[in-house]
Structures are given as C-alpha cells and as structure tokens.
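Coordinates in review
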Amino acid sequence: MAKTAINRIMEKVDRNEDLTREDALELLNISNESADFYCLLEKANFLSRTEFKNRGYIFAQIGLNSAPCPGNCKFCSLARSNYTIEAEIEKTEPEILQEAQTAIGQGIDALFLMTTANYDNEKFLKISEKVKALLPEDVKFIANIGDFDDVIAGRLKAVGFTGVYHIVRLGEGTDTDLPVAQRIATLDAIKGAGLELIYCVEPIGPEHTYEQMADEMLRARHYGVDVMACMKRVGVPGTPLFDKGEITDLELTKIVAAARLVTRPKTSMNVHEPKAMALLAGVNQLYAEIGVNPRDCAVETSDNRGFSIANVREMLRQANYITK
Ligand code: SF4
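To start, this report covers the structure provided alongside it.

Thresholds applied
- Residues numbered from 1 in each chain as written.
- Predicted model: local features only at pLDDT ≥ 70, side-chain atom pairs only at ≥ 80, totals over all residues.
- Heavy atoms only, no water.
- Core = buried A, V, L, I, M, F, W, Y, C linked by side-chain atoms within 4.5 Å.
- Buried < 20%, exposed > 50% of the residue type's maximum accessible area, 1.4 Å probe, protein only.
- Helix = DSSP H or I, 4+ residues; strand = E, 2+ residues; numbered from the N terminus.
- Contact = heavy atoms within 4.5 Å.
- Disulfide = S-S within 2.5 Å.
- Phe/Tyr/Trp six-rings, centres within 6.5 Å; stacked < 30°, edge-to-face > 60°.
- Pairing = 2+ DSSP bridges.
- Right-handed = clockwise from strand over helix to strand, strands pointing away.
- Expected span 1.5 Å × (residues − 1).
- Arc of directions from axis to C-beta.
- Polar contact = N/O pair within 3.5 Å; in protein donor to acceptor, adjacent residues only side chain to side chain.
- Axes fitted to C-alpha atoms, helices over the stretch in contact; angles between N-to-C directions.
- Parallel < 35°, antiparallel > 145°, perpendicular 65-115°, else oblique.
- Nonpolar A, V, L, I, M, F, W, Y, C, P; charged D, E, K, R; others polar.
- Salt bridge = Lys/Arg side-chain N within 4 Å of Asp/Glu carboxyl O.

1. A look at the nonpolar core
Generally speaking, a soluble globular protein has its nonpolar side chains buried in company with each other. Ranked by size, the top nonpolar core spans 101 residues in total, and within it Leu-27, Leu-111 and Leu-156 carry the most contacts. Broken down by element, this core gets its largest block of residues, 8 residues, from helix 9 (residues 249–263). Excluding its chain neighbours within four sequence positions, the residues that come into contact with Leu-111 are Ala-60, Ile-62, Ala-100, Ala-103, Val-131, Leu-135, Val-139, Lys-140, Phe-141 and Ile-142. Core analysis: the second largest hydrophobic core is formed by 8 residues, Cys-73, Phe-75, Val-292 and Val-299 among them.

2. Section: the state of the cysteines
Applying the stated criterion across every chain yields a total of 0 disulfides. We note that Cys-39 lacks a disulfide partner, and the nearest cysteine sulfur, in Cys-230, lies 18 Å from it.

3. Quick word on the side chain of Lys-43
If you trace the backbone, Lys-43 turns up in helix 3 (residues 35–51). Given a relative accessible area of 11%, Lys-43 falls into the buried group. Those residues in contact with Lys-43 that sit more than four places away from it in its chain are Met-10, Val-13, Asp-14 and Leu-261.

4. What to know about the packing of aromatic side chains
Throughout the structure, instances matching the rule amount to 7 aromatic pairs. Judged by centre distance (5.1 Å) and plane angle (85°), the ring pair of Phe-112 and Tyr-287 falls under edge-to-face. Placement of the pair is Phe-112 in strand 4 (residues 110–114) and Tyr-287 in strand 11 (residues 285–291), with a sequence separation of 175 residues. Across the pair, Tyr-287 and Phe-112 agree in class, each one buried.

5. Here we look at unusual backbone geometry
Following Glu-202, the chain continues to Pro-203 via a peptide bond in cis, the omega torsion being -10°. Residue position: Pro-203 is located in strand 8 (residues 201–204). With an omega of -5°, the peptide bond between His-272 and Glu-273 qualifies as cis. Within the chain, Asn-16 stands out as a residue other than glycine whose phi angle is a positive 60°.

6. Some details on the pairing of strand 10 (residues 268–272)
With 5 of 5 residues buried, strand 10 is to be regarded as a mostly interior element. Of the two faces of strand 10, the one lined by Ser-268, Asn-270 and His-272 and the one lined by Met-269 and Val-271 are each fully buried. When strand 9 (residues 227–232) meets strand 10, the two strands line up parallel, connected through 5 bridges. By the bridge assignment for strand 10, Val-227 is matched with Ser-268. For the segment spanning strand 9, helix 9 and strand 10, crossover handedness is right-handed.

7. A few points about helix 3
Relative to the 24 Å expected for 17 residues at 1.5 Å per residue, helix 3 spans 24 Å between its end C-alpha atoms, a close match to the ideal helical length. Every buried residue of helix 3 is accounted for by Phe-37, Leu-40, Leu-41, Lys-43, Ala-44, Leu-47 and Ser-48. For helix 3, the angular spread of buried residues about the axis comes to 160°, placing them on one side. Among the exposed residues of helix 3, those pointing more than 90 degrees away from its buried face are Ala-35 and Tyr-38. A side-chain oxygen of the first residue of helix 3 lies 3.4 Å from the backbone nitrogen of Asp-36; this N-cap is Ser-34. Immediately beyond the C-terminal end of helix 3, within one or two residues, lies Lys-53, with a positive phi of roughly 55°.

8. A look at the packing of helix 1 (residues 5–14) against helix 3
Two elements in contact, helix 1 and helix 3, have axes separated by 11 Å at closest approach and are oriented at 5°. With respect to each other, helix 1 and helix 3 are oriented roughly parallel. Here Ile-6, Met-10, Val-13 and Asp-14 of helix 1 come into contact with helix 3, specifically with Asp-36, Cys-39, Leu-40, Lys-43 and Leu-47. Of the residues that constitute the contact of helix 1 with helix 3, the class distribution is 6 nonpolar, no polar and 3 charged.

9. Regarding the pattern of salt bridges
Within this structure, the stated rule accounts for 26 salt bridges. A salt bridge links Arg-221 to Asp-18; the shortest N-O distance between them is 3.8 Å. Highlighted residues: Arg-221 in helix 8 (residues 210–222) and Asp-18 in the loop between helix 1 and helix 2 (21–28), separated in sequence by 203 residues. A relative accessible area of 51% means that Asp-18 is categorised as exposed. With a shortest N-O distance of 2.8 Å, Arg-155 and Glu-122 are connected by a salt bridge. Within this pair, whereas Arg-155 is found in helix 6 (residues 150–158), its partner Glu-122 is found in helix 5 (residues 121–134), the two being separated by 33 residues in sequence. Among the residues examined, Arg-155 registers a relative accessible area of 33% and is labelled partly exposed. Taken together, the shared-partner salt bridges connect Arg-55, Asp-109, Asp-138 and Lys-324 into one network.

Fair warning: the whole summary comes from geometry, so function is off the table for now.
Okay, structure coming up:
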C-alpha cells in the first residue's frame, strides 16, 4: 500500500528529523473527523509520555496591574482603545509577595510575573528581585512584559529571571499596535542575555491561516524553545475581534499536537486555557492564573475565568501526568 503524506511525516518524526513548513501545513490541514487526526494525537502523546517521562508541570502567573495598555491588541480586555476591565489596579509589593508565597507553597514549577506593556521597568525589576528571594532553586522565574532592549534583558537576568515569555502574535502589527520587528528584536535580546524563551502560537482565532500558525511554530524552533504552547483567542465582549468568534477545543487540540511535532520542545507542551482533551495530544503543562488576565474583565481572574493551581494539578493527575 502506498504511504500517505501523514505516514511519511510520522516516519520523519521517528527519525528525529525536523519537519518542514509543508509538513506542518499537512498536519494542520488534517480533518478533525479523520483517522489521521488520531494518528497525529497519538504521536504527539507518545512523544510527551516518553520524552517528558510522564512529568506534568504547573506554571502560575500573577498579573501585577490592570491599566489601559498602549499595545492596543484588538482581542485584549486591557487594550487602551477598548479597555473592558472592571477597574484599574496596581498590586502593592506586599500583595505580590504574598501571592507569590502562596503559589510557591502549592508546589509550582514556574512563576510568571505579567504586566501591561507600559509598566515601569525600574519598579518591575525592584519587585522581581524580592519575589526571586522567595523562590526555591528549582522554580523557573519568568517575566511577561512589554518589549525591551539588550540592557533590560541583562538586568532581568541579573535580578534572577530564568526566562521570558515573549512572542510574535498572530496578526501582530495589524491587530496590535506593536511592530513585528520590535517583537523580534526583543526575542533576540532575550536569547542574547542567555534567558530561556517561552513561546506560544497565539491568540488563535478562526480567521488565522495555517500558514501563519506554521510560521510561528518554526520561529519557536528557530529560537530553540523548550517550553512551547498554543492558545486560542477567548472572545472578550467589547473587544474588536469578539465578533470573529473562537475556534473549537477540538481544533485547538489538533494545532497543539502539530506544534508538538514541529517544534519538538525538550521540557513541556502547554495549551491555554487548560483543556482536558488537549492532554490526549501531548500537553503536559498547564497555567494557573492570579490577578489580571487579558481574556477576563475581572481584576481577579482566579475568582472568575482563571484556573487555580489545584484545578490544573487535578487535570494533569486525571491524565496520568505526575506533578511535584
Ligand atoms: S495583550 Fe498585552 S500588550 Fe496587548 S493590549 Fe493586552 S496587555 Fe497590552
């Protein structure tokens, strides 16, 4: 029997060969109702179970502020042009330290600090140094902030960050006020400072093409990303992209499986927001969220949209992923 394109791609994965853009498109174009869909999920699951040895990871993110953001992303509740959060807040240092301490006490693998794009760098670095002092050695410390240069990258490293979450978004420069070149310059600064880059294909909506998604998977591989993710856009009422709708969880599960095979991260694969079905497709890491998040209108997402650390630990446990 003649080999199908999917068979050939799976053999390349087995030989640890890098998949091409065409291979990525072949995977993304698989019908969600086909046998090939399950072949893709099975391979992504197999890789994560064997390469990650069934280890599940819990990352927690604290949103430090909510204020109109000049990034102006058309999907975001914090964007200056369509600010839809119920209030403007800025957490105090004691509040942040308390939240960090509580998260650490629940056994997390990474702590992210997130701000809007115009949060003051000096203030962020000062608070971060104090948070770092609370962190056990084995907990990654990740910044999720606006664009920055080599100097700030070096200072992030100096205060103890191990990595940075930064991406070129789908529709960057069109659906955001942030130029793609500026985003790429920050990615280069992160790598130049020796910080780990945490990447994600996001925020995926029905209007995005598979070509756009494949390009971000390949960008992640180009930067040697070992903690990879895919996130679908959550429609926030009042934001310009709300009317475009959302992709299904099934579609997101296929995309995350394809990203797992194309990017080949060495540590973990994430889906956001947490979706149990994606745990059948190679996902072994989930995020809990505290404070503000761009997909929510509440200032405290853990009381609303956000998943708690206990929630995501239980989801991973149900899928036989072992957490610490
Ligand atoms: S996604 Fe980030 S950069 Fe864009 S508007 Fe929201 S907070 Fe600002």
